[in-house]
Amino acid sequence: DAGITQSPRHKVTETGTPVTLRCHQTENHRYMYWYRQDPGHGLRLIHYSYGVKDTDKGEVSDGYSVSRSKTEDFLLTLESATSSQTSVYFCAAGGQVWDEQFFGPGTRLTVL
Amino acid sequence: DQQVKQNSPSLSVQEGRISILNCDYTNSMFDYFLWYKKYPAEGPTFLISISSIKDKNEDGRFTVFLNKSAKHLSLHIVPSQPGDSAVYFCAARPRTGNQFYFGTGTSLTVIP
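Reading the values: the criteria
- Residues numbered from 1 in each chain as written.
- Chains lettered and ligands numbered in written order.
- Predicted model: local features only at pLDDT ≥ 70, side-chain atom pairs only at ≥ 80, totals over all residues.
- Heavy atoms only, no water.
- Contact = heavy atoms within 4.5 Å.
- Buried area = accessible area lost by both parts, 1.4 Å probe.
- Salt bridge = Lys/Arg side-chain N within 4 Å of Asp/Glu carboxyl O.
- Polar contact = N/O pair within 3.5 Å; in protein donor to acceptor, adjacent residues only side chain to side chain.
- Helix = DSSP H or I, 4+ residues; strand = E, 2+ residues; numbered from the N terminus.
- Disulfide = S-S within 2.5 Å.

Engineer: I'd like to hear about the interface of chain B and chain A, residue by residue, with values.
Structural biologist: Counting from both sides, the interface comprises 21 residues of chain B and, opposite them, 26 residues of chain A. Roughly 1700 Å² of surface becomes buried between chain B and chain A when both sides are summed, with 56% attributable to carbon and sulfur atoms. Put simply, chain B and chain A have 0 salt bridges between them. Summed over the shared surface of chain B and chain A, the result is 2 residue pairs in polar contact (both at pLDDT 80 or more). Among the elements that line the side of chain B that touches chain A, the one with the most residues is strand β4 (residues 30-38) of chain B, at 5 residues.

Okay, structure coming up:
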C-alpha cells in the first residue's frame, strides 16, 4: 500500500453539508489522485495533484475541490454534498513516468 | 465517453486453467498500460504493466499482451488459483500528462 491512509473510512452525511476526506502518504510521491468508484463506471478521476499547491481537474470534478498544502496530504472537499456523490472514494499516489499508482483503502461515503 | 473499456463484467474459470481478461481502448495517445487487482473493501493493488514499445510483459503467472493496431490488451493468468478471485481493472495513461483512465472492471471467479 506504500503507506497511504485515508480518513475517515466510512461517513454518512446529509445533503447540503460540507465533507472533507483526507489522504496521507509517507513515501514522498509527487503525484496524488482522488478517484470515485461506482458500479458500471469503474474508477473515475476527480482531481489530481502534481505537487504542493499544484492541482488539476479530472473527468468528474464538478462539485469537488481539492487542496495540497504539504507533500504528504491531499484533501478532497465536497462543498455541499448531494446524493449523487454517494460513492467509494480512493486516493492514490505515485504514477510518475513508468511507475504505478499506489492506492489507499478507500472511504465509503453515503449522502442521505 | 469511456476511453478504456472492459466489455466482460464477469468471468468464471476452473482452478488450474487459464484466465484471459480483455481490455480495449480508443485513445491512440495512450502509451502506458497497467492492470490492477481489487479485493472487496480494499484499494486496488498493482499487478503488471506494459509500455507501448513492447507487445508482451510477463511476471510469474501473469502475462500482459498489447496489440497496438487493434488497441487491445489482455491479461493472462496461468494457472488460475482461487486466490486470484477479484475484480481486475485495466488502466491507461497518455503520452503527455499524468492522468490514468480506468476500465469498468472484470470480476474473476476461480472455481476450486
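Past the structure itself, the notes keep going.
Engineer: Tell me about the state of the cysteines, and please be specific about residues and values.
Structural biologist: Scanning the entire structure with this criterion turns up 2 disulfides over all chains. Two residues, C23 of chain A and C91 of chain A, share a disulfide whose sulfurs are 1.8 Å apart. Around the S-S axis, the bridge from C23 of chain A to C91 of chain A shows a dihedral of about -70° and counts as left-handed. With a gap of 68 residues between them, C23 of chain A in strand β3 (residues 19-25) and C91 of chain A in strand β9 (residues 87-94) connect regions that are remote in the sequence. There is a disulfide in this structure between C23 of chain B and C90 of chain B, and the S-S distance comes to 1.9 Å. Across the S-S bond of C23 of chain B and C90 of chain B the torsion is about 65°, and the bridge reads as right-handed.

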